[in-house]
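# A structural walkthrough
Listed below are the residues making up each chain.
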Amino acid sequence: MATAANTATAAGAAKDAPPAPAKSLSGIVKQVLSGDTVVIRATKGAPPPEKQITFSHVLAPKLARRPGAGGDETKDEPWAWESREFLRKKLIGVEVTFTFDKPANSNREYGFVWIGKDKETGENVVESIVREGLVSVRREGRPTAEQQTLIELEDQARAAGRGKWSSTASAVDKVRNIKWAHENPAHLVDIYGGNPVKAIIEHVRDGSTVRAFLLPDFHYITLMISGIRCPGVKLDADGKPDLSVKVPFADEARYYVETRLLQRDVEIRLESVNNSNFIGTILYPKGNIAESLLREGLAKCVDWSMAVMKTGTDKLRAAERFAKEKRLRQWQDYQAKTPAFNSKEKDFSGTVVEVFNGDAINVRLSNGQVKKVFFSSIRPPRDQRAVVGTDGEEIVKAPPRGKNYRPLYEIPHMFDAREFLRKKLINKKVQCNLDYISPPRENFPEKYCYTVSIGGQNVAEAMVAKGLATCVRYRQDDDQRSSAYDQLIAAEQQAIKGLKGLHAKKDNATLRVNDLTVDHSRIKVQYLPSWQRALRTEAIVEFVASGSRLRIFVPKDSCLVTFLLAGISCPRSSRPALNGVPAQEGEAYGDEALTFTRERVLQRDVSVHIDTTDKAGSSVIGWLWTDSGANLSVALVEEGLAEVHFSAEKSEYYRQLKSAEDRAKAAKKNIWTNYVEQVPKEKTVAEEEKDDKVVAERKVNYENVIVTEITESLTFFAQSVESGSKLESLMGKLHADFQSNPPIAGSYTPKRGDLVAAQFTLDNQWYRAKVERVQGSNATVLYIDYGNKETLPTNRLAALPPAFSSEKPYATEYALALVALPIDNEDKEEALRAFSEDVLNHKVQLNVELKVTGSPHLATLRDPTTKADFGKQLVAEGLVLAEKRGERKLKDLVDQYKAAQEAARVAHLAIWKYGDITQDDAPEFR
């Protein structure tokens, strides 16, 4: 910028020496430094040479100087900005003709500028700015002809009151209030809210970094262009530019930006901050400058700043791909790393049949083939014991877990991620587009990685947005990434900002799961009674081992349990070799049954009703309904992939199963392919008469109950099936009450006969109980709603809230009618065992035969389906004795029991094995 001292020196020298002839050249105006100084570049060269020209005989007001730029901060002189803007709008990017000379003892070149190629016809810019009253004309010494013309124009501007000579305009209003620094850059980003802001580019540091004024508030910012990085100046050891090192394409990139943006009117969209620098997008008349730089091969995409962009990342990637394919500039030696894919691998659609732990799915194609699909560029939740580097890779892997380790439940958020995918994708049609193939490593095969979409939504992006997965970080030159990688990065930034899922500040707790496939001891005691009382229990099928054997997860109780389909016998499926165990061949149609079950229930929401457990107590047996409402046992039988088991005769679904089996036999489906129907033998007249005879003459009122406990004296406790929902509601309220208002240990002193709340040892839940005995610090209680007893410390007892003491016990004690236990202890144990297997935790029908005052009522039990009397069955099997009773109304029933006992005695069954044990009661043995 011209100063008074320099000008005076130059004028004095010009006065004492004859003027040198002015040189005349042409060029393009690159930059306007002030109202009297411009930078003109040649029309040839990349970048072309430049020349700074200060206008002869005039002096413009000085522009403000930012602090640190060679001195202290200064303010604008009045009209300095207006004079600079007059020239900027008139000259930037315009071809001009100019003359210049360099006075002796001066470092500057002075001259005149004309718009166009001919100074004779072109507009004299110096005269124009004087005419507008935006500069002052120097009047020292003897004026030349050009200077005299300028003096006359200035006098005219003064007379007309133009520009700085105006008598009405306030000088204070013509001084900008420039904000050179920003204490909180992020706040400024928030103020503009991502909206385009008018701006003027003041300086181009390199192809991707500029300085600009944001208008109209004159915020001075350093801006890094979002999503790209151009080659820049190499820095030395002190962090200063080292101009001796030439970085390829750095000058060309800067020149490219200068010719399009420098001192142009643009729009800037602020998107983020990086330290004190802003990050944003620059929009000029031809579009996004970042896209242009990428398309020319002068810039490369940068993932971290792409993540802050609101829109347009796909266009930047496309522009970079274009430059790569054409091998332009920075990409001149580029070799694509992505292998070629055939059309079948690259794009396909199919139905999701299985979800793995948050990062992959199985997709069934239209031809029936199942293909494993990995999600591109994301990682599922991982073991928190692993040491992870800044790039997201595991530096140190987590130490191995025990053999019962289940990552799905024990890694925080892994179950949430799997559930998100399961609910969103299972049995849904998806579109898969192949992005890359990850090579095999660490004993893992290669992975085919896809962008998976459902209904137009990127599934991986949805997972990342919920904080259920993180993005893989790549080297800048690694092209093997998701085609929607920028959207994934942006979604992750939003999840981090929203503290979602994996990014939450609170500790990520693991899901507490009771694995009953390993610990079988709690099935019968803790879970089975409530499962039996429930009409339906919601579950998720986690694994299918065979057509009739599954592993289910019960969310309500947060437990895993092995589930066997009731009422059917399914052929065994083949098993592969595993952990040293050789492979096993399956039975005929076993694999087909396995496939049938997998396709209908694997990872689906199902409903189950659990009846009982297997003999070992390690699995539960029951009925399962698919999400479409079909009974899976019936469906397998209908398809000829299972046959009806004899145990089904006692179930309410026996008729459905038998009808389904008959239809499968008739159609000769699968296991019935070679079935030949047998002609049933006709019954004799005597047999038909016997079948038609009505034997029972008693009037009975059977009630559906569940036997919950059996005592050593052959009494038992039973709950009414109809009251099951009421009991479950009562227990839920009681548990919630004690959870919200836990009692103080030891604050309650129990007494015999008290109705209390007792904390059951196996599940630490509180139940209603009656104190039967107190011994020191221990008490024996009867759980009145279930019938079981327990001795426990008195500090596990508490006063029962009044709201829970009014309801009657839900379990009632009965004695098994018309039978008596044998005297021998081993025989007694065998009878109790058989009785327990028949009725304990089963739904049966109860009839009170005789009410006894002060003792449990006498009752008979029968199977609800076959109507078989369990007491008489025990007598017939020789396990118990028929009791002698004289009540007239029981005569027929007593006679039936006696006949059953006589048959067992004659056959020498069980207690009758060595003869008639009742003979020991003869007088001679007393």
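Residues numbered from 1 in each chain as written. Predicted model: local features only at pLDDT ≥ 70, side-chain atom pairs only at ≥ 80, totals over all residues. Heavy atoms only, no water.

### Remarks on the pairing of strand 6 (residues 110-115)
In regular strands, side chains alternate between the two faces of the sheet. Burial of strand 6 is extensive: five of the six residues sit out of reach of the surface. Strand direction decides the pairing type here: strand 3 (residues 50-55) and strand 6, joined by two bridges, are parallel. The residue bridging Phe-55 from the neighbouring strand is Gly-111, located in strand 6. Relative to strand 6, strand 5 (residues 95-101) is paired through six bridges, and the arrangement is antiparallel. Its bridge partner being in strand 6, Thr-99 is matched across the sheet by Phe-112. (Buried < 20%, exposed > 50% of the residue type's maximum accessible area, 1.4 Å probe, protein only. Helix = DSSP H or I, 4+ residues; strand = E, 2+ residues; numbered from the N terminus. Pairing = 2+ DSSP bridges.)

### Examining the UniProt feature "domain: TNase-like" (unreviewed entry) in the chain
Those places that UniProt annotates as "domain: TNase-like" (unreviewed entry) correspond, in this numbering, to residues 23-167, 195-333, 346-505 and 535-674. This span, residues 195-333, is 27% helix and 34% strand, and a straight line between its end C-alpha atoms measures 39 Å. (UniProt positions renumbered as here; feature names shortened; annotations may be inferred.)

### Some details on the packing of aromatic side chains
With the rule as written, the count across this model stands at 25 aromatic pairs. Seen from their ring centres, Trp-180 and Phe-213 are 6.0 Å apart, and the 55° between their planes marks the pair as tilted. Remark: Phe-213 occurs in strand 9 (residues 209-214) and Trp-180 occurs in the loop between helix 4 (145-160) and helix 5 (185-192); sequence separation between them is 33 residues. One exposure class covers both Trp-180 and Phe-213, and it is buried. A connected cluster of aromatic rings, assembled from ring pairs, spans Trp-81, Trp-180, Phe-213, Phe-218 and Tyr-220. Sitting over the ring of Trp-79, Lys-174 keeps its end group 4.8 Å from the ring centre. The positively charged end of Lys-372 is found above the aromatic ring belonging to Phe-356, 4.2 Å away from the centroid. (Phe/Tyr/Trp six-rings, centres within 6.5 Å; stacked < 30°, edge-to-face > 60°. Lys NZ or Arg CZ within 6 Å of the ring centre and 35° of its normal.)

### Brief notes about the sheet that holds strand 34 (residues 703-710)
A barrel is described by the order of its strands in space; here five strands give the closed sequence 34-35-41-44-43, paired in mixed fashion. Going from strand to strand, the sheet's axes swing by 60° on average, the running direction of each strand aside. Where strand 35 (residues 715-720) lies against strand 41 (residues 811-816), five bridges are found, and the strand directions are antiparallel. Considered in strand 41, the bridge of Phe-716 is made with Tyr-814. (Axes fitted to C-alpha atoms, helices over the stretch in contact; angles between N-to-C directions.)

### Regarding helix 6 (residues 250-261)
Taking 1.5 Å of rise per residue, the 12 residues of helix 6 would be expected to cover 16 Å, and the 16 Å separating its terminal C-alpha atoms lies within 8% of that figure. All of the buried residues along helix 6 are Ala-250, Ala-253, Tyr-255, Tyr-256, Val-257, Glu-258, Thr-259 and Leu-261. Immediately downstream of helix 6, the backbone of Gln-263 shows phi near 55°, a positive value. (Expected span 1.5 Å × (residues − 1).)

### Quick notes on the pairing of strand 2 (residues 37-41)
The element strand 2 is largely enclosed, with a buried count of five among its five residues. Both faces of strand 2 are covered, namely the face carrying Thr-37, Val-39 and Arg-41 and the face carrying Val-38 and Ile-40. Note that strand 2 and strand 3 share five bridges and pair antiparallel. Looking at the pairing, Ile-40 lines up with Lys-51 of strand 3.

### Describing the side chain of Gln-31
With respect to the element layout, Gln-31 can be found in strand 1 (residues 23-34). There is a polar contact of 3.5 Å between the side chain of Gln-31 and the backbone oxygen of Glu-202. Every residue in contact with Gln-31, bar those within four places of it in the chain, is listed here: Val-38, Val-39, Ile-92, Glu-202, Leu-262 and Gln-263. (Polar contact = N/O pair within 3.5 Å; in protein donor to acceptor, adjacent residues only side chain to side chain. Contact = heavy atoms within 4.5 Å.)

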